[in-house]
Amino acid sequence: MLEAVVEVQVQTLAGMRADRVAVEAPLEIRLGGKAATVLMRTPGDDEELVRGFLFTEGMISQASDVVALRRPEGLSGDEHGNVIAVELSPSLNLPSFERMFYSSSSCGVCGKNSIAQLAVRAKPLTSRLTVRRDVLSALPARMRAAQVAFHETGGVHASGLFSADGSVVAVREDVGRHNALDKIVGWGLGAGRLPLADQILLVSGRVSYDLVHKAIAAGLPFLAAVGAPSSLAVDLAEQFGLTLVGFLRETSMNVYANAQRLIDA
């Protein structure tokens, strides 16, 4: 298992000292024995990441679509620990993956090759979930308390899943915002919890199209962030009935879409 955090030496005004930094490494996904994509990620929960990525990309729709998921033996060098081979159900009838495309840790849509591929193919969200303002305001502190790698490095994002009463369900970290969310979705898929229609999603940074897209794909009705949303994130949230909250703080928040799920008591 590769480390998620490593120690390096840094120069400071006081001299050299040790520091801890988050690992960023490629994860190659092989489908049918061929390289399909490379994700730049922080090692850890790799199987969840792969399942979540395949689900939010629309390549699978249920856990049973993945027949097998394994790490090939006999790999060395950069491939060691950084390759996952996936066998999908032949009933999926997926297109051939002859070319490798690349998704960086900063971009969740970099592998797309046309605007048409950005379309969200999902039904509007119809969850009856409601969330109290005081419960929502307490979530950033609860997620930070569970961010082990962030406490060590300050260099990773997080996605946290919470119940309506604010209880922590799952927290995942990664250098890529979209990877952290895919790990959450992969966890939900493996646990038989999708769609996550009664859960709150909190993300540690800003909200752009890719995070809203993935939340909608997972059936999440409520997305809150400590940062700002983009215009397309707001438009997509409004279109699909997703409650979108930005700049979430203990004493303030901005509600950008579908405020009806946020209640005072």
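Please read all numbers here as calculations on a predicted model, not as lab measurements.

What's the story with the overall build of the chain in this structure? I'm lost.
What the chain contains, in helices and strands, is seven helices and 15 strands. Among the 265 residues that make up the chain, the fraction classed as buried is 51%. Accessible surface, the chain: about 12,500 Å² in total, of which carbon and sulfur atoms supply 51%.

When you look at the sheet that holds strand β10 (residues 168-174) in this model, what are you seeing that I'm missing?
Two orientations exist for strands paired in a sheet by backbone hydrogen bonds: parallel and antiparallel. Read from one edge of the open sheet, six strands run β10-β9-β11-β12-β13-β14, paired in mixed fashion. Where the open sheet ends on each side, the last strands, each with one partner, are β10 and β14 (254-257). Each neighbouring strand pair of the sheet contributes to a mean axis angle of 20°, computed without reference to strand direction. One ladder, built from three bridges, connects strand β12 (residues 222-225) with strand β13 (residues 243-246); its direction is parallel. For Ala224, the partnering residue across the bridge sits in β13 and is Val245. Each of β9 (157-162), β10 and β11 (200-203) is contacted by helix α5 (residues 177-190), which is oriented at about 140° to β10, the strand it contacts most.

What should I look at first to understand unusual backbone geometry in this one?
Trans is the common state for peptide bonds, and a negative phi is the common state for residues other than glycine. A cis amide bond, omega 0°, links Leu194 with the succeeding residue Pro195. Its place among the elements puts Pro195 in the loop between α5 and β11. Here the phi dihedral of Asp45 falls at roughly 60°; this positive angle occurs in a residue that is not glycine. In this structure, Asp45 sits in the loop between β4 (34-41) and α1 (46-56). A positive phi angle is found at Phe247, which is not glycine, with a value near 50°. By the secondary structure assignment, Phe247 is in the loop between β13 and β14. A relative accessible area of 35% means that Phe247 is categorised as partly exposed.

For this particular structure, what's the right way to read the packing of α5 against helix α6 (residues 209-217)?
In a pair of packed helices, the angle between the axes and the distance between the axes together describe the arrangement. Viewed as axis vectors pointing N to C, α5 and α6 meet at an angle of 5°, and their least axial separation amounts to 10 Å. In terms of axis orientation, α5 runs roughly parallel to α6. Residue-level inspection shows Arg177, His178, Leu181 and Asp182 of α5 in contact with α6, the latter providing Asp210, Leu211, Lys214 and Ala215. Its residues placed into classes, the contact of α5 with α6 shows three nonpolar, one polar and four charged.

Calculation notes
- Residues numbered from 1 in each chain as written.
- Predicted model: local features only at pLDDT ≥ 70, side-chain atom pairs only at ≥ 80, totals over all residues.
- Heavy atoms only, no water.
- Helix = DSSP H or I, 4+ residues; strand = E, 2+ residues; numbered from the N terminus.
- Buried < 20%, exposed > 50% of the residue type's maximum accessible area, 1.4 Å probe, protein only.
- Areas by Shrake-Rupley, 256 points an atom, 1.4 Å probe, with all protein chains shown as cover.
- Pairing = 2+ DSSP bridges.
- Axes fitted to C-alpha atoms, helices over the stretch in contact; angles between N-to-C directions.
- Contact = heavy atoms within 4.5 Å.
- Parallel < 35°, antiparallel > 145°, perpendicular 65-115°, else oblique.
- Nonpolar A, V, L, I, M, F, W, Y, C, P; charged D, E, K, R; others polar.

In short, shape yes, function no, at least from these values alone.
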